[in-house]
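An overview of the molecular structure
If you want the building blocks of each chain, they are given just below.
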Amino acid sequence: MYDPVQLRTFLTVAQTLSFTQAAGRLGVRQSTVSQHVRRLEEATGRPLFVRDTHSVELTEDGEALLGFARTILEAHERAAAFFAGTRLRGRLRFGASEDFVLTRLPEILEGFRHEHPEVDLELSVELSGTLHERLDAGRLDLVLAKRRGPGDERGRLVWRDRMVWIGAEGLRVDPERPVPLIVFPPPGITRARALEVLERDGRAWRIACTSGSLSGLIAAARAGLGVMAHTRGLIPPGLVRVGGLPELGPVEFALLQGRRPTPASDALAAAVLSGGDRLSRPA
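Everything quoted here is computed from the prediction, not taken from an experiment.

The method is simple in principle: a probe with the dimensions of a water molecule rolls over the atoms, and the space it marks as empty is what remains. For the structure shown, the criterion picks out two cavities of 30 Å³ or more. Taken as a whole, the largest cavity spans an internal volume of roughly 110 Å³. Counting residues per element, the ones that place at least two in the lining of the largest cavity are β7 (179–183), α7 (189–200) and β9 (228–231). No other element matches β9, which puts four residues into the lining of the largest cavity. In terms of residue class, the lining of the largest cavity is made up of 10 nonpolar, three polar and three charged. When its volume is computed, the second largest cavity comes out at roughly 50 Å³. In terms of lining residues, the second largest cavity is bounded by Ser97, Glu98, Asp99, Leu127, Ser128, Lys146, Phe184, Gly188, Ile189 and Thr190. For the lining of the second largest cavity, a count of residues per class yields three nonpolar, four polar and three charged.

Shown next, in the form of structure tokens:
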């Protein structure tokens, strides 16, 4: 009833919220993406996306299909791997952004370890800027991180969202005083974006807390020390959006491979891409 190719296209559109970006990531024409989604909507008898010239959003039925699609594709891939009779081996150095600490990325990695037990997976959790540097230096094989900013097209797009200001409930930012910031240290991409938009808007700021740990930043924010820039879809419990500050703009997360991709890095990249919708959901 459900074609795995069409389901993979559906998941890619759900992750990127763009038919154009999905086509680029899948290496097909946009008309092919539209055709796959249309046929899947005919098979389910339900609309899966609400779309106009400016935006693409999942319907309630589209949200429901995410889990089914992922399960079907995972079963399909397990069967293909079993009958192919190939076993991956070797060392795989994978770097993931701090943003995904509280998401379901561990589930994706657990599934990969189960499917490929002879791969020695080494996980590094760092700031996106640090991960880019380590990948460029040849010290990582695969990285899941924020793109550096507008115009950065490296890697395969996994997920697009917007950045927002968040803080403790009831926190108000006094427009007459410097904005108290809770930030990662350099070379944090989120930190750079926050400072850039405030300076462009002419807003004074001060650093209220610096921490290399997302847990440290969240603790400071919950204590009401200030505001932090954060991905809209990953707002931690106990924190809310804060208004009265300039827009932070979009953010894109991408998978980047090292200079010499391996079968193991290709397999983990495929697992992350097929399960990318779980990265926008808290664990």
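By size, the foremost hydrophobic cluster in this structure holds 41 residues, and its most contacted members are Phe94, Leu105, Leu144, Trp165, Val227 and Leu255. Mapped onto this core, the elements with two or more residues apiece are β3 (90–97), α5 (105–115), β5 (142–146), β6 (156–168), β7, α7, β11 (250–257) and α9 (263–274). With six residues, the single largest contributor to this core is α9. Leave out the neighbours within four places in its chain, and leucine 144 touches Phe94, Gly95, Ala96, Ser97, Phe100, Leu105, Leu131, Val158, Ala254, Leu255, Val272 and Leu279.

Applying the stated rule across the entire model yields four aromatic pairs. Between phenylalanine 19 and phenylalanine 49, the ring centres sit 6.0 Å apart and the planes meet at 70°, which makes this aromatic pair edge-to-face. One end of the pair, phenylalanine 19, is in helix α2 (residues 19–26); the other, phenylalanine 49, is in strand β1 (residues 49–51), and 30 residues separate them in sequence. Residue phenylalanine 19 shares its accessibility class with phenylalanine 49, and that shared class is buried. Aromatic pair phenylalanine 100 and phenylalanine 253: ring centres 5.0 Å apart, planes at 65°, arrangement edge-to-face. In this pair, phenylalanine 100 is assigned in the loop between β3 and α5 and phenylalanine 253 in strand β11, connecting sequence segments 153 residues apart. Given the relative accessible area of 3%, phenylalanine 100 is considered buried. Classification of phenylalanine 253 by relative accessible area gives buried; the value is 0%. Each member of the aromatic cluster is reached from another via a ring pair, and the members are Phe10, Phe19 and Phe49.

Further remarks concern the side chain of threonine 16. Within the secondary structure, threonine 16 is located in helix α1 (residues 4–16). Judged by its relative accessible area of 0%, threonine 16 falls in the buried class. Reaching out from threonine 16, the side chain makes a polar contact with the backbone oxygen of threonine 12 at a distance of 2.9 Å. If we ignore the near neighbours within four places in the chain, the residues touching threonine 16 are Gln21, Ala22, Arg25, Leu157 and Arg160.

Here we take up helix α6 (residues 128–136). In terms of residue burial, α6 counts as a mostly covered element, since seven of its nine residues are buried. For α6, the set of buried residues is Ser128, Gly129, Thr130, Leu131, His132, Arg134 and Leu135. Those residues of α6 that are buried lie in contact with β3, β4 (119–126), β5, α7 and β11. Among the residues trailing α6, glycine 138 stands out with phi positive, at a value near 80°.

Rules used throughout
Residues numbered from 1 in each chain as written. Predicted model: local features only at pLDDT ≥ 70, side-chain atom pairs only at ≥ 80, totals over all residues. Heavy atoms only, no water. 1 Å grid on protein atoms, 1.4 Å probe; cavity = no way out; pocket = protein on both sides within 12 Å on 5 of 7 lines; lining within 4 Å. Points joined across faces, edges and corners; volume = space filled by probe spheres on them. Helix = DSSP H or I, 4+ residues; strand = E, 2+ residues; numbered from the N terminus. Nonpolar A, V, L, I, M, F, W, Y, C, P; charged D, E, K, R; others polar. Core = buried A, V, L, I, M, F, W, Y, C linked by side-chain atoms within 4.5 Å. Buried < 20%, exposed > 50% of the residue type's maximum accessible area, 1.4 Å probe, protein only. Contact = heavy atoms within 4.5 Å. Phe/Tyr/Trp six-rings, centres within 6.5 Å; stacked < 30°, edge-to-face > 60°. Polar contact = N/O pair within 3.5 Å; in protein donor to acceptor, adjacent residues only side chain to side chain.

Shape is all these values report; function is a separate question.
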